[in-house]
Amino acid sequence: MSFRCLQRSKPNRHIPLLFDLHTFRFFLGRGGMSDAATVVQEEGEQQHQATPATAQPPSAIGATANTNVASPTTTAAATATSTTTPASGTSSSTSGGGGGGPASGGTPKAKAEKKTYWYPDRTSDFREVSLGYRKSVGMSLVYLAWVPFVVLAIYFFRTNPITEAVWSVFSELKTSDHYLQDYKFVAQIVIFSCSCVTLVFLMIMYTVVVRRPVYLIDFATYTAQDENKCGTDRFRSQSIVSKWFSQESLDFQMKLLEHNGLGEETYFPDGILAIPPETTMQRAREECEQVFSGCLDELFAKTHISPSQVDILIVNCSLFNPTPSISSMIIRKYKMKSTIRSFNLSGMGCSAGIIAVDLAKDLLQRVHKNCNCVIFSHENITQNWYRGNQKGMLITNTLFRVGGCALLLSNKSSCRHVAKYKLLTTVRVHKGADEEAYSAIYQMEDSQLNKGVRLSRELPKIVGAALKTNLTILGPQVLPFSEQFKFLLSLLRRKWSSAYAKTHPPYIPDFKKAFQHFCIHAGGRAIIDGLQENLNLSERDVEPSRATLYRWGNTSSSSVWYELAFIERTGRLHPGDKIWQIAFGSGIKCNSAVWVSMR
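Residues numbered from 1 in each chain as written. Predicted model: local features only at pLDDT ≥ 70, side-chain atom pairs only at ≥ 80, totals over all residues. Heavy atoms only, no water.

Caption draft 1: Looking closely at a nonpolar patch on the surface. A cluster of nonpolar side chains, Phe 481, Phe 485 and Leu 489, forms an exposed patch at the surface whose accessible area comes to about 360 Å². Within the fold, Leu 489 resides in helix H17 (residues 481-496). (Patch = residues over 30% accessible without salt bridge, like charges linked within 9 Å, V, L, I, M, F, W, Y side chains within 5 Å. Areas by Shrake-Rupley, 256 points an atom, 1.4 Å probe, with all protein chains shown as cover. Salt bridge = Lys/Arg side-chain N within 4 Å of Asp/Glu carboxyl O. Helix = DSSP H or I, 4+ residues; strand = E, 2+ residues; numbered from the N terminus.)

Shown next as structure tokens:
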């Protein structure tokens, strides 16, 4: 397929740390985002007046982390912000990326500082692990509680050895047969009463603790019209016609387009493609209505349900929040019932789709019985095309494209035989309590009052920490026992022995033993590359993400569903296969969902 041209060379398999910033360069490092690193570093130079450092060989740069770094650049713009913070990156695979070490040029002091920076704080490891085990162990105890009752019931209704033992004790007494029969009858009554009480208690516990299953009946993704396709040439022409960008900004965007992994058949909305571009509220509403109409029409046709049968409606769109809301627009168009429970999520970033799934899970498992829930995920492009010349805010113009998806979830037992997937678990991590994390992805206005989204230079470190926490919580719920044992053994040894911790990196569990398919948020080549290297995934594992980025671009919260659609269409799914969806969003948030294929 055409997107195979984006596949890079064999990833480095000698990464010792699961969340080492050498590999988690994400937006600011490798591939299509290498120019973004230069932008953020240039801003850092202006703010901190630091001295640029020259690139170091991989052996010198990553010595403290014992890491091989491929394809170092010949020049670097990375800087050291203070005596306690090393440079923001070590290498880049394309020109313009951050590289090199601290300004000291790789002295022993600088290496020690890097070692402190690369390794995450391990004091929270046990708390994070306990979150994952708390849920899995709690559910196991509920199921194990049934064992005594089952054993007792079998004994009582078959051979009844307990009553026989009680009777044998009384038979040794020098009493008449009449009293023996009475004692035997009383023993049977007592045992039967205890069994009934135990059964009632366990049934109450089961209804309180065990949640109703949540099924994904089907989903639909949006495909725009052919006239909305926008390749590199059309992107350049529209940018020139708009007269919004300087020549330097235009050249910068074209350079990003060459390396960000997008193909020539991604889509822009009508407002952006108009001559001149129109970014009005009306155009934004038209884009939104086109997307949800295309998704929901297909979803209702696939599932053969009427819009009036929808009990819960959840909509997520981060940057476009009109009044009345998008959920009201959908209810109006499809004439949904007046008692529908609607929710409109905003400002949640590219991981909002999984947040919507988590909200639906809580509503369907704990609150409402026999309900159908529709989720619509979308990100509006019309009013969020940055029209200024600040390079750090131009990145989104080259990545985000039109897209959306609609899901139908249900907790009805009758849907088990028609559902495609069953939701196993969701994990949500929010690092917003940290000021750096909160401002890492920030919507703001530039000096000319043009609205856009700014990316922080600390983004790789913050995203890596969020992902580490997410996987630590998720691991105990999905990993096989052998992988959990190896991970816990490594964790305990590193906790109890500082010497062992210095010489042995944390054990990286093999998540391919837990999942058969991976849907990594198609936020850019760097995100996909980073997760592939750190989790030792094959090219086949990340092919859905690369194909989605190439064909559709970054469609924000709906990207993981385009990836699942790719997996379906390539015939890879089998009953019982587990699918892992993971996405990142502003805040910083890292959210994941695990599904099992039903058919």
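Caption draft 2: Quick look at the pattern of salt bridges. Here the structure, examined in full by the defined rule, presents 16 salt bridges. For Glu 298, the salt bridge goes to Lys 302, with nearest N and O atoms at 3.4 Å. A residue pair is termed a helical-turn pair when its members lie 3 or 4 positions apart in one helix, as Glu 298 and Lys 302 do in helix H11 (residues 281-303) at four residues. With a relative accessible area of 36%, Lys 302 lands in the partly exposed category. In this structure, Lys 361 engages Asp 358 in a salt bridge whose closest nitrogen and oxygen atoms are separated by 3.5 Å. One end of the pair, Lys 361, and the other, Asp 358, are both in helix H13 (residues 352-367), three residues apart, so they sit about a helical turn from each other. Relative accessible area serves as the criterion here: at 10%, Asp 358 is assigned to the buried category. Bridged by salt links that share partners, the residues Asp 226, Lys 229, Glu 265 and Arg 551 form one connected network. (Buried < 20%, exposed > 50% of the residue type's maximum accessible area, 1.4 Å probe, protein only.)

Caption draft 3: Fine view of the packing of helix H8 (residues 232-242) against helix H9 (residues 247-259). The interhelical angle for the contact between H8 and H9, taken along N-to-C directions, is 165°, at an axis separation of 11 Å. Of the possible angle classes, the one that applies to H8 and H9 is roughly antiparallel. Here H8 and H9 pass one another in a crossing that is right-handed. Contacts from Thr 232, Phe 235, Arg 236, Ser 239 and Ile 240 of H8 reach H9 at Leu 250, Gln 253, Met 254 and Leu 257. For the contact of H8 with H9, the residue count by class is five nonpolar, three polar and one charged. (Axes fitted to C-alpha atoms, helices over the stretch in contact; angles between N-to-C directions. Parallel < 35°, antiparallel > 145°, perpendicular 65-115°, else oblique. Left-handed = near helix turned anticlockwise from the far one by under 90°. Contact = heavy atoms within 4.5 Å. Nonpolar A, V, L, I, M, F, W, Y, C, P; charged D, E, K, R; others polar.)

Caption draft 4: Summary view of the sheet that holds strand S5 (residues 404-410). Across the sheet, which stays open at both edges, the nine strands sit in the order S3-S2-S4-S5-S1-S6-S11-S10-S9 with mixed pairing between neighbours. The open sheet has two free edges, formed respectively by strand S3 (341-345) and strand S9 (517-520), since each of these has just one partner strand. Pairwise comparison of adjacent strand axes, ignoring direction, gives a mean angle of 20° for this sheet. Judged from the seven bridges that link them, strand S4 (residues 372-378) and S5 form a sheet pairing that is antiparallel. In the sheet register, His 378 faces S5, and the bridge partner there is Gly 404. Helix H12 (residues 326-334) rests against strand S2 (312-316), S3 and S4 of the sheet, and its axis sits at about 135° to S2. Contacts from helix H16 (residues 459-478) reach strand S6 (421-430), strand S10 (578-585) and strand S11 (589-597) within the one sheet, and its direction differs from that of S6 by about 140°. (Pairing = 2+ DSSP bridges.)

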